[in-house]
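# Inside the fold
Letter by letter, the chains look like this.
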Amino acid sequence: MRTWAEIDLDNLSHNIKTLKKYAGNKEIMGVVKADAYGHGAVEVVKAMSLEGIKNFGVACVDEAKELRANGIKDEILIFGCTPLEEWETAVKLDIQLTLASFEEIKMIEESKIYPTVHVAIETGMGRIGFEIDDAIEAIKYIRSKNLANIVGVYSHLSSADVEEEDEYKKTQLKKFSIFEEMDIKYRHILNSAGTLKYHDLTKSNMVRAGIIIYGIRPCEGDEHEFKP
């Protein structure tokens, strides 16, 4: 073998312990998409589990299947939209899907496949998700028809690492605060930078930690606080 990557799991452990000081009583979701950013998803998830992390985020069903095939029994959420043909596999493997549109709700009704979901909210990132009023309507409709098990609701901060957009991100947090009062198991909007900067401005009960777990501090502060 001519090239390889050597991963320091002690540093991973250090970063999680450091992040917990910011997250407080909020649970941490470890983001392990793209093979844990090239660090080896299975090995990283097992190491995170030893530090008490029990929720993980991936990009697609295949990434979630790899974790299940290697004995990972913790909660797994797929970010983004999942094609209908993969829903049955997700349900069978107890993998949580992102629900982001009324079209997907219609797909649930027509397919009679009833997934476990996190509802995505558009607060200003401009990716996917329901607008605020639509999200409230969608959650009520899903529950009234018992179409899905809603275990989470989430949004994503736009440019959380850009100091100049601080007020814009606070506006996003205010929009999302409506959902923090709902009787839903997980409510999350803070990414790595958001957890460092805005952890005390939200009543959300989970944070999503990606690059910071791997040692990259996404905003100003002690660059040696997190280890690569």
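Owing to the predicted nature of the structure, the values given are computational and were not obtained by experimental measurement.

## So, the pattern of salt bridges
- Per the counting criterion, the structure on display carries six salt bridges.
- Between K170 and D166 there is a salt bridge; the shortest N-O distance is 3.2 Å. Taken together, the residues K170 and D166, both in helix 8 (residues 166–180) and four residues apart, mark about one turn of the helix.
- For K170, a relative accessible area of 33% corresponds to the partly exposed category.
- Exposure remark for D166: the relative accessible area of 17% places this residue in the buried category.
- One network of salt bridges, with partners in common, ties together D166, E167 and K170.

## Brief notes about the packing of aromatic side chains
- Within this structure, the stated rule accounts for four aromatic pairs.
- Plain terms: the ring middles of Y37 and Y214 are 5.2 Å apart, the flat faces sit at 55 degrees to each other, and that makes the pair tilted. Here the residue Y37 occupies a position in helix 2 (residues 33–38), and Y214 occupies one in the segment after strand 8 (206–209), the gap between them amounting to 177 residues.
- Each ring, one from F79 and one from Y154, has its centre 6.2 Å from the other, and the planes form 65 degrees; the classification is edge-to-face. Placement of the pair is F79 in the loop between strand 3 (75–78) and helix 5 (87–92) and Y154 in strand 6 (residues 149–154), with a sequence separation of 75 residues. A single burial state applies to F79 and to Y154, both of which are buried.

## A closer look at the nonpolar core
- Grouped together as the largest cluster of nonpolar side chains are 62 residues, with contacts concentrated most on V32, M48, L67, F179 and I213.
- Examining the composition of this core, we find that six residues originate from one element, helix 3 (residues 41–50), more than from any other.
- Not counting the four nearest positions on each side in its chain, F179 is found in contact with I121, I132, A135, I136, I139, V153 and R187.
- Formed by nine residues, the second largest nonpolar core is a distinct cluster that contains L77, Y154, Y186 and M206.

## Focus on the packing of helix 7 (residues 132–145) against helix 8
- At a closest axis distance of 11 Å, the pairing of helix 7 and helix 8 adopts a crossing angle of 15 degrees. Taken as axis vectors, helix 7 and helix 8 run roughly parallel relative to one another. For the crossing formed where helix 7 meets helix 8, the hand is right-handed. When helix 7 is examined against helix 8, the residues I132, A135, I136 and I139 are found in contact with a partner set consisting of K175, I178 and F179.

Calculation criteria
- Residues numbered from 1 in each chain as written.
- Predicted model: local features only at pLDDT ≥ 70, side-chain atom pairs only at ≥ 80, totals over all residues.
- Heavy atoms only, no water.
- Salt bridge = Lys/Arg side-chain N within 4 Å of Asp/Glu carboxyl O.
- Helix = DSSP H or I, 4+ residues; strand = E, 2+ residues; numbered from the N terminus.
- Buried < 20%, exposed > 50% of the residue type's maximum accessible area, 1.4 Å probe, protein only.
- Phe/Tyr/Trp six-rings, centres within 6.5 Å; stacked < 30°, edge-to-face > 60°.
- Core = buried A, V, L, I, M, F, W, Y, C linked by side-chain atoms within 4.5 Å.
- Contact = heavy atoms within 4.5 Å.
- Axes fitted to C-alpha atoms, helices over the stretch in contact; angles between N-to-C directions.
- Parallel < 35°, antiparallel > 145°, perpendicular 65-115°, else oblique.
- Left-handed = near helix turned anticlockwise from the far one by under 90°.

Just geometry here; none of it tells us what the structure is for.
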